[in-house]
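Structural overview for review
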Amino acid sequence: MIGAAYSIPATVFRAYGGILSDRIGARTVMYATFTVSAVATLILSLPVTDCVVRGMEGPISFHFEIGPIAFIAVIGVLGFFMSLGSAAVYKHIPVYYPDSVGAVGGLVGMIGGLGGFILPIAFGALNDLTGLWTSCFMLLFILVTAALAWMHLAIRQTERQGAGPAPTPNHAYDYVAQ
């Protein structure tokens, strides 16, 4: 039931992500999405841990575990920010691909659909290989941080190639008109 409840913030707030993308820019929304998602998946990827270290006055024991309430809260935050990012992705398409909006939108949807097919299989395989139920979040952390780095490097490359900052989705029609 908790897993099914994840779809509530992931779908309901997608429209709000579109509004935010129009107001503050899709790039800003994407940076926020990737940053918060990286932190959330990092927290969720930490397995239950018991550790004993040698202290000056003897052994010191540590126990780390995310309880169900914290897990639900972090998953809710993750779902909220991923829904914002989902809308921001579609806001970028007419800016960077003004002559191929339909084709690129279809490609983005296809990649999302493939992710919905491939990721559960990868999650199960990782669980079998590692024996850690948090391994799925480890994979998501790697994917999110790679996407954040790729986006940032692509933006910087675009800015270096042009005379100024890369076009922002807020000014899509100004950019196309130039």
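Here is what the cut-offs are and how they apply
Residues numbered from 1 in each chain as written. Predicted model: local features only at pLDDT ≥ 70, side-chain atom pairs only at ≥ 80, totals over all residues. Heavy atoms only, no water. Helix = DSSP H or I, 4+ residues; strand = E, 2+ residues; numbered from the N terminus. Rg over C-alpha atoms; globule rule 2.2 N^0.38 Å. Axes fitted to C-alpha atoms, helices over the stretch in contact; angles between N-to-C directions. Parallel < 35°, antiparallel > 145°, perpendicular 65-115°, else oblique. Left-handed = near helix turned anticlockwise from the far one by under 90°. Contact = heavy atoms within 4.5 Å. Nonpolar A, V, L, I, M, F, W, Y, C, P; charged D, E, K, R; others polar. Pairing = 2+ DSSP bridges. Expected span 1.5 Å × (residues − 1). Bend = angle between axes of the 7 residues up to and from the residue. Buried < 20%, exposed > 50% of the residue type's maximum accessible area, 1.4 Å probe, protein only. Core = buried A, V, L, I, M, F, W, Y, C linked by side-chain atoms within 4.5 Å.

1. Here we look at the overall build of the protein chain
Along the backbone of the protein chain there are eight helices and two strands. What you see in the protein chain, going N to C, is helices and strands ordered as α-α-α-α-β-β-α-α-α-α. The C-alpha atoms of the protein chain give a radius of gyration of 20 Å, which is well past the 16 Å a tight globule of 178 residues would have. Structurally, the protein chain occupies a C-alpha span of about 70 × 40 × 30 Å along its principal axes.

2. Describing the packing of helix α5 (residues 68-96) against helix α6 (residues 101-130)
The contact between α5 and α6 brings their axes to 9 Å, and the two run at 150 degrees. Compared by their axis directions, α5 and α6 come out roughly antiparallel. You can see that α5 and α6 cross each other, and the crossing is right-handed. In this structure, α5 uses Val89, Tyr90, Ile93 and Pro94 to contact α6, whose residues at the interface are Val101, Val104, Gly105, Val108 and Gly109. Partitioned by chemical class, the residues of the contact of α5 with α6 number seven nonpolar, two polar and no charged.

3. What about the pairing of strand β2 (residues 58-64)?
Looking along a regular strand, one sees the side chains alternate between the two faces of the sheet. As defined by bridge partners, strand β1 (residues 49-55) adjoins β2 across seven bridges and the pair is classed as antiparallel. Directly across from Val53, in β2, lies its bridge partner Ile60. Count of turn residues in the β1/β2 antiparallel hairpin: two residues.

4. A look at α6
For α6, with 30 residues, the first-to-last C-alpha span of 41 Å sits near the 44 Å given by 1.5 Å per residue. Residue Ile118 marks the point of greatest curvature in α6, where the axis turns by about 25 degrees; the proline Pro120 follows within four residues.

5. Topic: helix α4 (residues 26-45)
Turn by turn, an α-helix covers 3.6 residues, leaving residues three or four places apart pointing in a common direction. Its 20 residues give α4 an end-to-end C-alpha distance of 27 Å, which sits within 8% of 28 Å, the value for a rise of 1.5 Å per residue. Listed in full, the buried residues belonging to α4 are Ala26, Arg27, Val29, Met30, Thr33, Phe34, Ser37, Ala38, Ala40, Thr41, Leu44 and Ser45. The elements touched by buried residues of α4 are α3 (14-24), α5 and α7 (135-161).

6. Re the packing of α4 against α7
The N-to-C vectors of α4 and α7 enclose an angle of 155 degrees; their axes lie 8 Å apart at closest approach. Looking at the two axes, α4 sits roughly antiparallel to α7. Judged by the twist between their axes, the crossing of α4 over α7 is left-handed. Contacts between α4 and α7 involve Arg27, Met30, Tyr31, Phe34, Thr35, Ser37, Ala38, Thr41, Leu42, Leu44 and Ser45 from the former and Phe137, Met138, Leu140, Phe141, Val144, Thr145, Ala147, Leu148, Met151, His152, Ile155 and Glu159 from the latter. Split into classes, the residues belonging to the contact of α4 with α7 amount to 15 nonpolar, six polar and two charged.

7. Here's the deal with the side chain of Ser21
For Ser21, the position within the fold is in helix α3. With relative accessibility at 0%, the residue Ser21 sits in the buried group.

8. Looking at the environment of Ser37
Tracing the backbone through its elements, the reader meets Ser37 in helix α4. Residues Ser37 and Val53, spaced 16 residues apart in sequence, show a C-alpha to C-alpha distance of 31 Å. Among all residues touching Ser37, those that are not within four sequence positions of it are Leu78, Met82 and Val144.

9. Some details on the nonpolar core
Among the nonpolar cores identified, the biggest contains twelve residues, and these are Leu20, Ala26, Val29, Met30, Phe34, Ala38, Phe81, Leu84, Ala88, Val144, Met151 and Ile155. Looking at this core, the elements with two or more residues in it are α4, α5 and α7. Broken down by element, the residue count for this core peaks at five residues, all from α4. Excluding anything up to four places from it in sequence, Phe34 contacts Val144, Ala147, Leu148 and Met151.

Just distances and angles here, no functional claims.
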